[in-house]
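Below, each chain spelled out in residue letters.
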Amino acid sequence: MKKPLVIGIVAVLVLGIGGYAGVQYWAEKKAYSVIENALTQVRATGAKASVGSSAVSLKTRGLTLGDLSVTSADGSVSLAVGRLSALGVGAPQNGRITADSVTLENVTLTRTDGADGARVVETLPQVTIEKYAGPLVVTPTAGNAADLVNASPVVLALRQLAAVDAARIDVPHAVTRMTPAKTSPQPAPQPTQARELTLDGIAVTDVRTGKIARFSVARIASEGLPDGAAPASQKADQPATPAQGSTNARPDVAQPDDAQPDEGSSLPRVTASAILARDIDLTPLLSAGGDDLRPVLGALEAGAFTIEQADDIRTEGASLTLTGVALKPAAITAARLAALKALSADDPPADPAPLLADAGALLKGMAFATFQIKDMRTIEPVGGGRAAVFALDTFRDGVLSELRVEGVDGDTDGRAVKFGRIAVTGLDLPRLLTLAHAEDPTQPDVALGGFRALTGLTASDIEIPTDGSDDTPSRPLHIGRAGLTWGDFSTATGDLPGRFRFELIDVTGPIDPEDGEPFNTLAAAGLKQATFSLAIGTVYDAGTQSLSLSPAEVEVKDAFRTTFTARLDNLPAGALASESAFVAALAAANIGPASLTITDHGLANLMLQRLADAEGQSLDDYRAHLLDLLNQGIAAAAPNAPEAAAVGEAIARFIRDPKTLEITATPKGRVPFLAFVNSDDPLAPLQLFSFTATNKP
């Protein structure tokens, strides 16, 4: 028997009698005959169907059934309803009937996969429906998404919603117990990892043939249960079931719950409150196909939630939001879901290639606008952490635009690490899966594929604790901004990016005399901390076939700033296709112009004074000594570099009055890159380049 027919039996019975209610000609006997005919239709599929009692009121156009039971032919799916009451049943029109209200009591839906297979039992003490309208019989919908929709009774119930209209549906309390398939005996103790899901205060409003305006749940709880544990509905501390006939049990907020995960279960306990979904469209899931993204959820919001692990780790969040969810119906299949699950397992598959193709197609068939958690905290036996915001922004075609975490405050062994913001951009999830399952991820071409899997990592306002020393007290290291970004690939399959930038901006931390230059000079001058910045960037220009270092910068605040630029010419775009292609292309590459700019902010005189002290000289005497050495070098270089005198004079002016010095090197002709870097001739730079030097304020 097809599962939707099992769920739709209620509609069959209500609709069947609807054609006779309100018409005096048909007596109760005729109505009972219609009920029996509806049951006969179900039995014709091989299923078992029965009703313990029934009653019809022509005056109120009402129908009451007691002890309704339906079981599929193979026994895998069964539905039991203690009592069904419908009032104001209308006559069928175009295969659909209406009812002012429908109430179901003590509903139990069970699905099993054989004697030792997985088992799902869903119990709903009461369901009330206002202004119901639906078809006589709900039939399965063909299509690639159908196997997903039929995967569980919970989703199957949503499928039923896609076929009906209702002003409002209320379920005060619902419990779903999921028990996995039995496996081979394990050494004791090995509890079966059953799970129980409890929902309170379910309210669904404005259901219109597959579209739902609002779906809210006041509280949801999910917990693991050891083998043999009683379901929540049987526990002594379980709240009482709402009284029969009550339709107003809609709590607005979750009640406090200090319960811990059940002893013997390693599954976490999850609770959440004030869940609200808006603008739901179930029709894409039931579609026969389609490669276009179709919206299925406008927004999902949740209030406070907790996740409690069995190892005393607790995660909390103040709120959760998901917006703009869309699916490609043809991409969502059970086989692809199974492939993604297999790739996520602890034991990697022997042949991941077909699974990677399926998982990639699945991921490219999903999209959402934003996912955000606010005020997320992790509490551990030792330490913990907090994030003001955890967010995923714009997921489409398998690529996540940005993963960001803001306001991070971690505590390990009493030492706090803080981040104002961390972000990872351009995450290509199918590529990341492929890299994760590569046979040898250390191979250069495989590792460089990581450039295609994301486009950068950035962080700002970072604070890291440091260990103090005898001379330097413990002070945190602060980083204003850090980043590693890339992009602009030259070919569709190229591994190397045409744009690359690494930066560390405003890094402030303690210094001491053992740190090396320039920090030991600053420490000797009495400074206790320093701030430095570093940035390196490369850009490829396909038009000129050149790769530029533009620029490399180093700055120590109140000390100095250095900027270096360079260029590599005659580098075709194909050089960026792979590591081996780049190395091969270097054989024909030429060195272009380069420049070095040094700006002094006080370090030069400090270093000269320190060196002078070490030689036992005054600053002026030591400066004069350096100028003598410079003049000797200029005289030696002059025969090979006529511009040496002008360059030397600019350097001398910088030594006498340090401000800004810019030195440029321009190739006199073609300068092969490999030949130059492999040359051991100290005069080669003077022979191959023309130099200029300029002093600036």
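Residues numbered from 1 in each chain as written. Predicted model: local features only at pLDDT ≥ 70, side-chain atom pairs only at ≥ 80, totals over all residues. Heavy atoms only, no water.

Draft legend 1. Highlighting the nonpolar core. With 83 residues, the main nonpolar core has Leu104, Ile129 and Phe368 as its most contacted residues. Sorting elements by how many residues they give to this core places strand β4 (residues 96–112) first, with six residues. Sequence-distant contacts of Ile129, defined by excluding residues within four places in its chain, comprise Asp100, Ser101, Val102, Leu104, Ala166, Arg168 and Ile169. In this structure, Ile511, Leu522, Ala530 and Leu603 belong to the second largest nonpolar core, which totals nine residues. (Core = buried A, V, L, I, M, F, W, Y, C linked by side-chain atoms within 4.5 Å. Buried < 20%, exposed > 50% of the residue type's maximum accessible area, 1.4 Å probe, protein only. Helix = DSSP H or I, 4+ residues; strand = E, 2+ residues; numbered from the N terminus. Contact = heavy atoms within 4.5 Å.)

Draft legend 2. Highlighting the environment of Ile511. Structurally, Ile511 can be placed in the loop between β20 (497–510) and α11 (519–524). Along the sequence, Ile511 and Leu522 sit eleven residues apart, while their C-alpha atoms lie 8.2 Å from each other.

Draft legend 3. Seen up close, the confidence of the model for the protein. When the pLDDT values of the protein are averaged, the result is 82; 81% of them are 70 or greater. Across residues 1–9 the pLDDT falls below 50, and counting only partners more than four positions away or on other chains, this stretch makes 32 contacts in the model. Below pLDDT 50 for its whole length, residues 137–154 participates in 58 contacts with residues either more than four positions away or in separate chains. (pLDDT = per-residue confidence, 0-100.)

Draft legend 4. Main features of the packing of helix α14 (residues 619–637) against helix α15 (residues 644–656). The N-to-C vectors of α14 and α15 enclose an angle of 170°; their axes lie 10 Å apart at closest approach. As summarised for this structure, α14 and α15 are arranged roughly antiparallel, according to the angle between their axes. Contacts between α14 and α15 involve Arg623, Leu627, Leu630, Ile634 and Ala637 from the former and Ala644, Ala645, Gly648, Glu649, Ile651, Ala652, Ile655 and Arg656 from the latter. Class assignment of the residues belonging to the contact of α14 with α15 gives a composition of nine nonpolar, one polar and three charged. (Axes fitted to C-alpha atoms, helices over the stretch in contact; angles between N-to-C directions. Parallel < 35°, antiparallel > 145°, perpendicular 65-115°, else oblique. Nonpolar A, V, L, I, M, F, W, Y, C, P; charged D, E, K, R; others polar.)

Draft legend 5. Seen up close, the environment of Ile655. Its location among the elements puts Ile655 in helix α15. Between the C-alpha atom of Ile655 and that of Ala604, which follows or precedes it by 51 residues, the distance is 8.1 Å. Sequence-distant contacts of Ile655, that is, excluding residues within four places in its chain, are made with Leu608, Arg623, Leu627 and Leu630.

Draft legend 6. Here's a closer look at the pairing of strand β1 (residues 48–57). Sheet analysis places β1 next to strand β2 (residues 62–71), joined by nine bridges and oriented antiparallel. From the neighbouring strand, Ala55 faces β2, where its bridge partner is Thr64. (Pairing = 2+ DSSP bridges.)

Draft legend 7. Spatial organisation of the pattern of salt bridges. As enumerated under the stated definition, the model contains 29 salt bridges in all. For Glu316, the salt bridge is made with Arg314, and the minimal N-O distance between the two is 2.6 Å. What makes Glu316 partly exposed here is its relative accessible area of 24%. Using a relative accessible area of 27% as the deciding quantity, one classes Arg314 as partly exposed. When salt bridges that share partners are traced, they join Glu223, Arg269, Glu308, Arg314 and Glu316 into one network. (Salt bridge = Lys/Arg side-chain N within 4 Å of Asp/Glu carboxyl O.)

Draft legend 8. Representation of the pairing of strand β13 (residues 319–327) within the structure. Taken together, the seven bridges between strand β10 (residues 294–302) and β13 define a ladder with antiparallel strand orientation. By the bridge assignment for β13, Leu297 is matched with Val325. Both β13 and strand β14 (residues 366–379) contribute to a ladder of seven bridges, which runs antiparallel. Counterpart to Leu327 in the pairing with β14 is Met366.

Draft legend 9. Representation of the packing of aromatic side chains within the structure. Summed over the entire model, instances satisfying the criterion amount to six aromatic pairs. For the pair Phe451 and Phe500, a centre-to-centre distance of 6.4 Å together with 85° between the ring planes defines the contact as edge-to-face. Here the residue Phe451 occupies a position in helix α10 (residues 450–453), and Phe500 occupies one in strand β20, the gap between them amounting to 49 residues. Geometrically, the ring pair formed by Phe676 and Phe689 is edge-to-face, given 5.6 Å between the ring centres and 75° between the ring planes. On the criterion of sequence distance, the pair formed by Phe676 in helix α16 (residues 673–677) and Phe689 in strand β27 (residues 689–696) is long-range, its members being 13 residues apart. For Phe676, a relative accessible area of 24% gives the class partly exposed. Under the relative-accessibility criterion, Phe689 is labelled buried at 5%. One aromatic cluster in this structure is built from Phe451, Trp486 and Phe500. Taking NZ or CZ as reference, Arg452 lies 4.0 Å from the ring centre of Phe489, over its face. (Phe/Tyr/Trp six-rings, centres within 6.5 Å; stacked < 30°, edge-to-face > 60°. Lys NZ or Arg CZ within 6 Å of the ring centre and 35° of its normal.)

Draft legend 10. Structural context of helix α13 (residues 603–615). Over its 13 residues, α13 runs 18 Å from end to end, which matches the ideal 18 Å to within 8%, given 1.5 Å per residue. The complete set of buried residues in α13 reads Leu603, Ala604, Leu608 and Ala612. Along the long axis of α13, the arc covered by the buried residues comes to 165°, so they all point the same way. Pointing more than 90 degrees away from the buried face of α13 are the exposed residues Asp613 and Ala614. Next to the buried residues of α13 lie α11, β23 (560–569), β25 (594–600), α14 and α15. Looking one or two residues beyond α13, the residue adopting positive phi is Gly616, at roughly 70°. (Expected span 1.5 Å × (residues − 1). Arc of directions from axis to C-beta.)

Draft legend 11. Expanded view of the environment of Pro352. Tracing the backbone shows Pro352 in the loop between α6 (334–343) and α7 (353–364). In this structure Pro352 comes out as buried when scored by relative accessible area, which is 16%. For the pair Pro352 and Glu439, spaced 87 residues apart in sequence, the C-alpha separation works out to 9.8 Å. Excluding residues within four positions of it along the chain, Pro352 makes contact with Leu343 and His437.

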